[in-house]
Amino acid sequence: MSGRSVEITLVKAGRTKIRYPAEVLTEEGLTEEGGRLSVRAPWAAEGVRDFGFVRFEPGDVFVEHYWRDRWYTVKEVWSADGTLKGWYCDITRPAEIDGSGVVVEDLDLDLWVSADGSEVLRLDEDEFEASGLAASDPEAAARAVVALDELEVLGREGLIDLLGR
C-alpha cells in the first residue's frame, strides 16, 4: 500500500550499519519468491558524504528499489532541488521484505551511474576482496560479482533507470 511508512535496515558483516524510515511508493508482485518494493527516503546519514564523484547531503532524496529475488538494490539519488544526481547500486543478498520494512545485507560491492550516464564506476572491490566472502560463502561471492557485472552493463547501456519503472 502506497504512502505507508516502513523501516529500512542495512546490515554489513552481521551488524546494523544504518536504519531509517521510508515511505512506500509501490509494491509490485511481492510474493515469497520475488517482487519489488520501492520507497522514498531522505538522506539518512549525518552531514555530507563526499565520494569525489557525487556528494550525498541533507536535503537529498533517495528513491530506493528492493527485490526479493535480485542480488542488488538500486537507489535513485535526487538533490533537494529535484535534480537527478544518478543511481547508487548496492550489491546485497536478496532483500527480506515484510509488512514493517526491509532488511538487506550489504556485500561491499557498489556501482555508481551518473545521471547523464557518462560515469559508470565499480566501487569497493578492495573491500569485497578483504571481506573474505569468497572463502566463507563462495556461492554468495559469485552471485555478487555477477550482479555487479549485470548492473555495469545496464549502466553503460543507459538502462539502469528502467529498473525503477
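All of the points below concern the structure found in this document. Nothing here was measured: the structure is a model prediction, and the numbers come from that model.

### A few points about the overall build of the protein chain
In step 1: If you tally the helices and strands in the protein chain, you get three helices and eleven strands.
In step 2: The helix and strand sequence of the protein chain, counted from the amino end, reads β-β-β-β-β-β-β-β-β-β-β-α-α-α.
In step 3: For a compact globule of 165 residues, the expected C-alpha radius of gyration is about 15 Å, and the protein chain comes in at 15 Å, within 12% of that figure.
In step 4: Structurally, the protein chain occupies a C-alpha span of about 40 × 35 × 30 Å along its principal axes.
In step 5: Buried residues in the protein chain amount to 42% of all 165 residues.
In step 6: Pairs at least 24 residues apart make up 43% of the contacts formed inside the protein chain by residues separated by at least 6 positions.
In step 7: On the protein chain, roughly 8,300 Å² of surface is accessible, and the fraction owed to carbon and sulfur atoms is 50%.

### Points about unusual backbone geometry
In step 1: Its identity as a non-glycine residue notwithstanding, Ala13 has a phi of 55 degrees, on the positive side.
In step 2: Within the secondary structure, Ala13 is located in the loop between β1 (5-12) and β2 (15-28).
In step 3: Residue Ala13 is classed as exposed on the basis of its relative accessible area, which comes to 65%.
In step 4: Its identity as a non-glycine residue notwithstanding, Asp108 has a phi of 80 degrees, on the positive side.

### Structural notes on the side chain of Asp90
In step 1: Residue position: Asp90 is located in strand β8 (residues 84-92).
In step 2: Among the polar contacts listed, one links the side chain of Asp90 to the side chain of Lys75, at a separation of 2.8 Å.

### Here we look at the pattern of salt bridges
In step 1: Within this structure, the stated rule accounts for 19 salt bridges.
In step 2: Measuring nitrogen to oxygen at the nearest pair gives 3.7 Å for the salt bridge that ties Asp106 to Lys17. Of the two residues, Asp106 sits in strand β10 (residues 101-114) while Lys17 sits in strand β2, which places them 89 residues apart along the sequence.
In step 3: Taking the relative accessible area as the measure of exposure, Asp106 reaches 5% and is therefore buried.
In step 4: Notably, a salt bridge pairs Arg156 with Glu152, separated by 3.1 Å at the nearest N-O pair. With Arg156 and Glu152 both in helix α3 (residues 138-156), this residue pair falls four residues apart, about one helical turn.
In step 5: Note on Arg156: relative accessible area 53%, which makes it exposed.
In step 6: When its relative accessible area of 16% is taken as the criterion, Glu152 is described as buried.
In step 7: It is possible to trace a salt-bridge network through shared partners that takes in Asp50, Arg55, Glu57, Asp60 and Lys85.

### A short note on the pairing of β2
In step 1: Across eight bridges, β1 lies against β2 in antiparallel orientation. Counterpart to Thr9 in the pairing with β2 is Arg19.
In step 2: Hairpin remark: β1 followed by β2, antiparallel, with two residues in the connecting loop; positive phi at Ala13, about 55 degrees.
In step 3: As paired strands, β2 and strand β3 (residues 36-42) are joined by five bridges and run antiparallel to one another.

What counts and how
- Residues numbered from 1 in each chain as written.
- Predicted model: local features only at pLDDT ≥ 70, side-chain atom pairs only at ≥ 80, totals over all residues.
- Heavy atoms only, no water.
- Helix = DSSP H or I, 4+ residues; strand = E, 2+ residues; numbered from the N terminus.
- Rg over C-alpha atoms; globule rule 2.2 N^0.38 Å.
- Buried < 20%, exposed > 50% of the residue type's maximum accessible area, 1.4 Å probe, protein only.
- Contact = heavy atoms within 4.5 Å.
- Areas by Shrake-Rupley, 256 points an atom, 1.4 Å probe, with all protein chains shown as cover.
- Polar contact = N/O pair within 3.5 Å; in protein donor to acceptor, adjacent residues only side chain to side chain.
- Salt bridge = Lys/Arg side-chain N within 4 Å of Asp/Glu carboxyl O.
- Pairing = 2+ DSSP bridges.

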